[in-house]
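Read off the chains here:
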Amino acid sequence: MDDQDIELKEINPANPPQALTDAAMAEITAIAARQHNANGVLMKAINFVGGQVEDGLKVLPKSVRSQLDDVARKALQQSYDVASKSRGGMGERIASDGLHKALGALSGAVGGIGGLPTALAELPVATTLIFRAVQSVAATHGEDPLSEETRMQCLAVFGAGGPGAQDDGVDTSFIGARLSISGAAVNGLIRKVAPKFATILSQKLAAKAVPVLGAAAGAGTNYAFLDYYVSIAHVHFGLRKLARSHGEKAVTDAFHDALMAAKNPQT
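Calculation criteria
Residues numbered from 1 in each chain as written. Predicted model: local features only at pLDDT ≥ 70, side-chain atom pairs only at ≥ 80, totals over all residues. Heavy atoms only, no water. Helix = DSSP H or I, 4+ residues; strand = E, 2+ residues; numbered from the N terminus. Contact = heavy atoms within 4.5 Å. Phe/Tyr/Trp six-rings, centres within 6.5 Å; stacked < 30°, edge-to-face > 60°. Buried < 20%, exposed > 50% of the residue type's maximum accessible area, 1.4 Å probe, protein only. Lys NZ or Arg CZ within 6 Å of the ring centre and 35° of its normal. Salt bridge = Lys/Arg side-chain N within 4 Å of Asp/Glu carboxyl O. Expected span 1.5 Å × (residues − 1). Bend = angle between axes of the 7 residues up to and from the residue.

1. Thoughts on the environment of Ala 32
With respect to the element layout, Ala 32 can be found in helix α2 (residues 22-36). Taking the C-alpha atoms as reference points, Ala 32 and Ala 261, 229 residues apart in sequence, are found 8.9 Å from one another. Sequence-distant contacts of Ala 32, defined by excluding residues within four places in its chain, comprise Phe 255, Ala 258 and Leu 259.

Listed below in structure tokens is the structure:
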């Protein structure tokens, strides 16, 4: 093959992206609406609880605040390793969004009974349930939930803008990326994601630190966080599915336009 053949192959790939169809645009609009609505009523209530103490981090002991990034990193590392192993055997039956939310609420209620100590101990469990739910969403969008690439894309979902954040809530730089599959790459991604996830966890812990809430706060916050990350996962993997047919740039550009329209509807 000469240089001209190589150049033509690069200009005319074997499977060029398809133009966005009306159906694809409708799907992107629905995905943008899902993103816009992800910060639901229950999550707003949790933010309100955090607002009553001015700053979620301020109600937490200094020892917890200083270690929260490390706690988040370890929870993400454990979830990356454990969530996939839990999908075999009886675990195959736990695949729906609803079941994951119910289990998360139960875990949160138990974690909230003893206040902050049990809440901290329960964080790895909650994180693993979220990771597992995100894997199941990936599977519904045609990805292998046990593959290394998909598991790394699941990690990327944890780097989404948190409830109340001003960004889009999904990092579109990960949409079409083929991530390097290595232990160093996994650890690097966890280090990148952990600080943002830790900030979000501070709201969850702050809600549990309010004495009158207890187990109810644990159940409610876990349900809300699972609901939020499941929604973000549907956005992330829904866009990835469309990008495989229509190209990353066209899909992400259309998504950002649709999200802007959802945020600023014409009156």
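2. Considerations on the packing of aromatic side chains
All told, the structure shown has six aromatic pairs when counted by the stated rule. When the ring of Phe 131 is compared with that of Phe 158, the centres are 6.1 Å apart and the planes differ by 20°; the resulting orientation is stacked. In this pair, Phe 131 sits in helix α6 (residues 116-140) while Phe 158 sits in the loop between α7 (148-157) and α8 (183-209), placing the two residues 27 residues apart along the sequence. Here Phe 131 and Phe 158 have matching classes, each one buried. Aromatic rings pair up to connect Tyr 80, Phe 131, Phe 158, Phe 197, Tyr 228 and Tyr 229 into one cluster. When the ring centre of Tyr 80 is taken as reference, the NZ or CZ atom of Arg 151 above it lies at 4.1 Å.

3. A closer look at the pattern of salt bridges
With the rule as written, the count across this model stands at seven salt bridges. A salt bridge links Asp 70 to Arg 73; the nearest nitrogen and oxygen atoms lie 2.5 Å apart. On the criterion of helical spacing, the pair formed by Asp 70 and Arg 73 is a turn pair, its members being three residues apart in helix α4 (residues 62-85). In this structure, Lys 74 engages Asp 70 in a salt bridge whose closest nitrogen and oxygen atoms are separated by 3.3 Å. Here Asp 70 and Lys 74 lie together in helix α4, a separation of four residues that amounts to about one turn. Within this structure, Glu 143, Glu 149, Arg 240 and Arg 244 form a network of salt bridges that share partners.

4. A closer look at α4
Taking 1.5 Å of rise per residue, 24 residues should cover 34 Å, and α4 covers 35 Å from first to last C-alpha, within 8% of that figure. The axis of α4 is deflected most strongly, by about 50°, at Leu 68. Among all positions of α4, only Val 64, Leu 68, Ala 72, Ala 75, Leu 76, Ser 79, Tyr 80, Ala 83 and Ser 84 are buried.

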